[in-house]
Amino acid sequence: MKLARIDVFSHGMRLSGYGLRFAHLIGHYLRDRCLHLRKRRDPRTRRMITDTINTYAAARSDYSEVYLLREQLKSFLDFIFSRGIRKEWLEIVYHDPVPGKEVEFVKKWKFPWREDQQEWLEYMDGGKDTPFRMSLNTAGTGSGKTAMSQEITFRRGVRTGIILSPRYMPGWRSSLLSFFGMEPGDVIEIRGTAQSDPPHPDIPRYSMLEFQTLVEQGELDFKIALFSLNMFQRYITDYEKNNCVAPYVFHPAEFWEKTGIGLLIHDECHEALHFLFKVKCYANIPEIIYLSATAVSDDPFIERMLYLMYPKEARYAKCEYKKYIAVNAVTYRLRSTDKVRYKGFGGSYSHTIFEQSIMKNKQLKLAYFNFIYTVIIKGFMNQYQEGMKMLVYCATVDMCKSLSHYLSERIPELEIGPYTAEEDFMVLLDNDISVTTVKSAGTGIDLPDLVMTFMTLAMGSRTGNIQVLGRLRQLKGKFEGMTPTFWYLVCTSIEAHRKYHQRKVEFFSDKVLTQRVIDEDFEL
């Protein structure tokens, strides 16, 4: 009798059929390699303690099955062999993925590909005859990653699945219908019913259970399925929690084979990394394409997981950023720190607390809003032409609402309003100036004629800063030839602001045309 069984899929692997001794070895491997830890100070004892944020693996709650990435197979085997396990004690079974169902796509896209896009397509199209493949497209924002993935979909001619955040659904839906000639029902959505955007009359919506049931019964024919990340995550979580497939129809490891999907696309794959890691652990599918302009992290563990998920050999090394953005940092000072608070638990900087303290003081709020208004006049209104758009980023929804109301009174000739989770996507398109958060409009938003973004919040994240910078695209049409600008505030009285400013200088150094600092001689 074998000590354990290892099923090796195209992109993941399953450990099962083991006893207590092997389970202990799995536990040691996970603790050594797969735990994302965070240190913090206990508020009662004032001692530093370590919390586990996530375990980068998948497992049923009874631990009868544990899933890892295929890329971890060698390191796992080396680990257990070094602890006395012999290869002949294991049953290792390799599973080639089943090709997806062939479908015929009609392409409406008529625009020629640029030279840089042709290079990306050549890279993504390489190795198409291998049993399974993975590619990561890290082309800069505005480079056409969505269109390029659709071109590969056309070339493959197989049923395709796309996993993405619900807030990106409207954009992808529109893009697919522009790229392909589709009949009603060719594109479907698998998502919840409580969604802010109305359904498209030609794109049916199903729950995950409805989808699997109809596929199993042979009553659903489609070419492309858009999966809500939230609903797919619920499906995986239910399986792991319940230790069984029910109430669903398909086991996660057989999902792509049973649904006939042969190509999987993940958009903005730097987001929800832990969940996408799990999806890959279960995946047995011919091809996965990942899209992200910012597959990087300042966290050493997350950076290691990114390179585990997207190995160096799966990355195209010749990508270069197109430089077309001018960056302006606007500095100011605090008159006193008595009224403006910005330190959170453990003394770390919190821009949420910073905004909340300003909102509580009417005098401070008025002065701060007027300062923001003067920057908008200088950067946006002094060059304004009808049709131009601008995004202003804050940390909190309350600040977005209050600031947008103030600005609409100061600039009544423009349509100004908040854009948060409460507003429909059309609001963003209709506004001249939208006041928003990084979560609401930091990624996956392509706003035509956007000439200026203004980050009022201080943020040190490499991914967040590059994503917000990337909302600015090369201007076309009426404003072609103009230089879009990225503005951000720096309070020189706050150490974190100065540090985040230096990070931006570093992050943007190879991505923008110019960087300059403007001192407004303003005290808050």
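The rules we used
Residues numbered from 1 in each chain as written. Predicted model: local features only at pLDDT ≥ 70, side-chain atom pairs only at ≥ 80, totals over all residues. Heavy atoms only, no water. Helix = DSSP H or I, 4+ residues; strand = E, 2+ residues; numbered from the N terminus. Rg over C-alpha atoms; globule rule 2.2 N^0.38 Å. Buried < 20%, exposed > 50% of the residue type's maximum accessible area, 1.4 Å probe, protein only. Contact = heavy atoms within 4.5 Å. Areas by Shrake-Rupley, 256 points an atom, 1.4 Å probe, with all protein chains shown as cover. Lys, Arg positive; Asp, Glu negative; His and termini not counted. Charge placed at Lys NZ, Arg CZ, Asp CG, Glu CD. Core = buried A, V, L, I, M, F, W, Y, C linked by side-chain atoms within 4.5 Å. Expected span 1.5 Å × (residues − 1). Polar contact = N/O pair within 3.5 Å; in protein donor to acceptor, adjacent residues only side chain to side chain. Pairing = 2+ DSSP bridges. Axes fitted to C-alpha atoms, helices over the stretch in contact; angles between N-to-C directions. Phe/Tyr/Trp six-rings, centres within 6.5 Å; stacked < 30°, edge-to-face > 60°. Salt bridge = Lys/Arg side-chain N within 4 Å of Asp/Glu carboxyl O.

Caption draft 1: Just the overall build of the chain, in detail. Along the chain, the regular secondary structure elements total 17 helices and 23 strands. Taking 524 residues into account, the globule formula puts the C-alpha radius of gyration at 24 Å, and the chain, at 25 Å, falls close to it. Viewed in the frame of its principal axes, the chain has a C-alpha envelope of about 75 × 65 × 40 Å. Across the 524 residues of the chain, 54% fall into the buried class. When contacts within the chain are restricted to residue pairs at least 6 apart in sequence, long-range pairs at least 24 apart make up 74% of them. Of the accessible surface of the chain, which amounts to about 23,800 Å², a share of 49% is contributed by carbon and sulfur atoms. Here the chain carries 70 positive and 64 negative side-chain charges, and the mean point of each set is 7 Å from the other.

Caption draft 2: Looking closely at the nonpolar core. Phe-76, Met-208, Phe-211, Phe-227, Phe-232, Trp-256 and Tyr-310 are the most contacted members of the largest nonpolar core, which totals 104 residues. The biggest single contributor to this core is helix 9 (residues 273-282), with seven residues. Apart from the residues lying within four places of it in its own chain, the contact partners of Phe-227 are Gly-161, Ile-162, Ile-163, Leu-164, Met-169, Ile-190, Met-208, Phe-211, Phe-232, Phe-255, Trp-256 and Ile-261. Core analysis: the second largest hydrophobic core is formed by 47 residues, Ile-376, Met-399, Leu-403 and Val-451 among them.

Caption draft 3: Summary view of helix 12 (residues 362-379). For helix 12, spanning 18 residues, the distance from its first C-alpha to its last is 26 Å, which sits close to the expected 26 Å at 1.5 Å a residue. Residues Leu-364, Tyr-368, Phe-369, Phe-371, Ile-372, Tyr-373, Val-375, Ile-376 and Gly-379 constitute the buried set of helix 12. The N-cap residue of helix 12 is Asn-361: its side-chain oxygen and the backbone nitrogen of Gln-363 are 3.0 Å apart.

Caption draft 4: Layout of the sheet that holds strand 23 (residues 514-523). The strand order 19-20-18-21-22-17-23 describes an open sheet built from seven strands, whose pairing is parallel. Taken across any chain shown, the strands that pair with only one partner, and hence form the sheet edges, are strand 19 (416-419) and strand 23. Within the sheet, the average angular offset between the axes of one strand and its neighbour, ignoring direction, is 20°. Relative to strand 22 (residues 485-491), strand 21 (residues 450-455) is paired through four bridges, and the arrangement is parallel. In the strand pairing of strand 22, Phe-454 is matched with Trp-487. Contacts between helix 17 (residues 495-508) and the sheet are confined to strand 17 (326-333), strand 21, strand 22 and strand 23, with strand 22 contributing the most and set at about 155° to the helix.

Caption draft 5: Here's a closer look at the sheet that holds strand 9 (residues 133-137). Judged by pairing direction, the sheet is parallel, and its seven strands sit side by side in the order 9-16-15-10-14-12-13 without closing on themselves. Lying at the two open borders of the sheet, with one neighbouring strand each, are strand 9 and strand 13 (205-206). One ladder, built from four bridges, connects strand 12 (residues 187-190) with strand 14 (residues 224-228); its direction is parallel. Bridged to Ile-190 within strand 14 is Phe-227. Across the face of the sheet, helix 9 comes into contact with strand 9, strand 10 (160-164), strand 15 (263-266) and strand 16 (287-291) while running at roughly 170° to strand 15.

Caption draft 6: A look at the environment of Phe-22. On the secondary structure map, Phe-22 appears in helix 1 (residues 20-33). Through-space distance from the C-alpha of Phe-22 to that of Val-98 is 30 Å; in sequence the pair is 76 residues apart.

Caption draft 7: Quick look at the environment of Ile-6. Take Ile-6: it is sitting in strand 1 (residues 4-8). With relative accessibility at 0%, the residue Ile-6 sits in the buried group. Separated by 106 residues in the primary sequence, Ile-6 and Pro-112 have C-alpha atoms spaced 47 Å apart. In contact with Ile-6, not counting residues within four places along its chain, are Met-13, Arg-14, Leu-15, Leu-73, Phe-76, Leu-77, Leu-90, Glu-91, Ile-92 and Val-93.

Caption draft 8: Inspection of the packing of aromatic side chains at higher detail. Taken as a whole and assessed by the stated rule, the structure comprises 38 aromatic pairs. Consider the rings of Phe-227 and Phe-255, whose centres lie 5.7 Å apart with planes at 65°: the pair is edge-to-face. Of this pair, Phe-227 sits in strand 14 while Phe-255 sits in helix 8 (residues 255-259), and the two are 28 residues apart along the sequence. Classification of Phe-227 by relative accessible area gives buried; the value is 0%. Seen in terms of ring centroids, Phe-380 and Tyr-384 are 5.5 Å apart; in terms of plane orientation they differ by 55°. Their pairing is tilted. Joined through ring pairs, the aromatic side chains of Phe-211, Phe-222, Phe-227, Phe-232, Tyr-235, Tyr-248, Phe-255, Trp-256 and Phe-275 make up one cluster.

Caption draft 9: Expanded view of the pattern of salt bridges. Here the structure, examined in full by the defined rule, presents 29 salt bridges. In this structure, Glu-151 engages Lys-107 in a salt bridge whose closest nitrogen and oxygen atoms are separated by 2.9 Å. With Glu-151 in helix 4 (residues 145-156) and Lys-107 in strand 8 (residues 106-107), this pair connects stretches of sequence that are 44 residues apart. For Glu-151, a relative accessible area of 5% translates into the label buried.

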